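Notes for the structure review
Chain residues, written in single-letter form:
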Amino acid sequence: MLAKKFALGFGIAIILPMLVHYGVSTFSPRPKWRDYYEAGYYQRIPNASPEEKAKLEQERKKRDDEFRNAQKRFQRYLFFAAVPIGIISIITGSITQVQAIGTGLMFGGILL
């Protein structure tokens, strides 16, 4: 019986953060590196002239900034979804009468 309670609590604690992450990713997908960089970019650098290298470096910096801004936007959405859900699950877990579910919700909220 104790093993069942532990498994239920552990399962809830692991699944809750995953659900929040995938829920946020559904509406605001995580940026992918390959969407911001082309495949042969690093192969063109050794054969480029100094002017082309400067142009490629400027282009790389621009794409780096775009990629970082997209990452920050995703992380901001994830933060603003995870914090309230985590706090609510900790409070709900402390109020819940079923010990395994309450423990799972509290640990899941802490992991969030």
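**With respect to the overall build of the protein chain**
- Secondary structure assignment for the protein chain yields 4 helices and 0 strands.
- When the elements of the protein chain are put in sequence order from the N terminus, they spell out α-α-α-α.
- In summary, the protein chain has a C-alpha radius of gyration of 22 Å against a globular reference of 13 Å for 112 residues, an excess of more than 25%.
- Taken across its 112 residues, the protein chain has 25% of its residues classed as buried.
- Long-range contacts, defined here as pairs at least 24 residues apart, represent 64% of the contacts in the protein chain between residues at least 6 apart.
- Separation of charge centres in the protein chain, based on 16 positive and 9 negative side chains, amounts to 13 Å.

**Overview of the packing of aromatic side chains**
- Evaluation of the coordinates by the stated rule reveals 2 aromatic pairs.
- Judged by centre distance (6.0 Å) and plane angle (15 degrees), the rings of Phe6 and Phe10 are stacked. One end of the pair, Phe6, and the other, Phe10, are both in helix H1 (residues 2–27), 4 residues apart, so they sit about a helical turn from each other.
- Look at Phe79 and Phe80: their rings are 5.4 Å apart centre to centre, the planes differ by 70 degrees, and that puts the pair in the edge-to-face class. Each member of the pair, Phe79 together with Phe80, is exposed.

**Here's the deal with the side chain of Ser28**
- On the secondary structure map, Ser28 appears in the loop between H1 and helix H2 (41–44).
- Note on Ser28: relative accessible area 13%, which makes it buried.

**So, the layout of surface pockets**
- Here the largest pocket is characterised by a volume of approximately 170 Å³.
- Surrounding the largest pocket, Leu2, Lys5, Phe6, Gly9, Phe10, Ala13, Gln99, Ala100, Thr103 and Phe107 form its lining.
- For the lining of the largest pocket, the elements supplying multiple residues, two or more each, are H1 and helix H4 (99–111).
- Element by element, the count of residues in the lining of the largest pocket is highest for H1, at 6 residues.
- For the lining of the largest pocket, the residue count by class is 6 nonpolar, 3 polar and 1 charged.

**Considering the pattern of salt bridges**
- Under the defined criterion, the tally for this structure stands at 2 salt bridges.
- A salt bridge links Arg63 to Glu59, with the shortest nitrogen-to-oxygen separation between them at 3.2 Å. With a gap of 4 residues between them, Arg63 and Glu59 both fall in helix H3 (residues 50–95), about one helical turn apart.
- Take Arg63: its relative accessible area is 24%, and that puts it in the partly exposed class.
- Under the relative-accessibility criterion, Glu59 is labelled partly exposed at 24%.
- One salt bridge connects Arg60 with Asp64, and the closest N-O pair in it is separated by 2.5 Å. One end of the pair, Arg60, and the other, Asp64, are both in helix H3, 4 residues apart, so they sit about a helical turn from each other.

Scoring rules and cut-offs
- Residues numbered from 1 in each chain as written.
- Predicted model: local features only at pLDDT ≥ 70, side-chain atom pairs only at ≥ 80, totals over all residues.
- Heavy atoms only, no water.
- Helix = DSSP H or I, 4+ residues; strand = E, 2+ residues; numbered from the N terminus.
- Rg over C-alpha atoms; globule rule 2.2 N^0.38 Å.
- Buried < 20%, exposed > 50% of the residue type's maximum accessible area, 1.4 Å probe, protein only.
- Contact = heavy atoms within 4.5 Å.
- Lys, Arg positive; Asp, Glu negative; His and termini not counted.
- Charge placed at Lys NZ, Arg CZ, Asp CG, Glu CD.
- Phe/Tyr/Trp six-rings, centres within 6.5 Å; stacked < 30°, edge-to-face > 60°.
- 1 Å grid on protein atoms, 1.4 Å probe; cavity = no way out; pocket = protein on both sides within 12 Å on 5 of 7 lines; lining within 4 Å.
- Points joined across faces, edges and corners; volume = space filled by probe spheres on them.
- Nonpolar A, V, L, I, M, F, W, Y, C, P; charged D, E, K, R; others polar.
- Salt bridge = Lys/Arg side-chain N within 4 Å of Asp/Glu carboxyl O.

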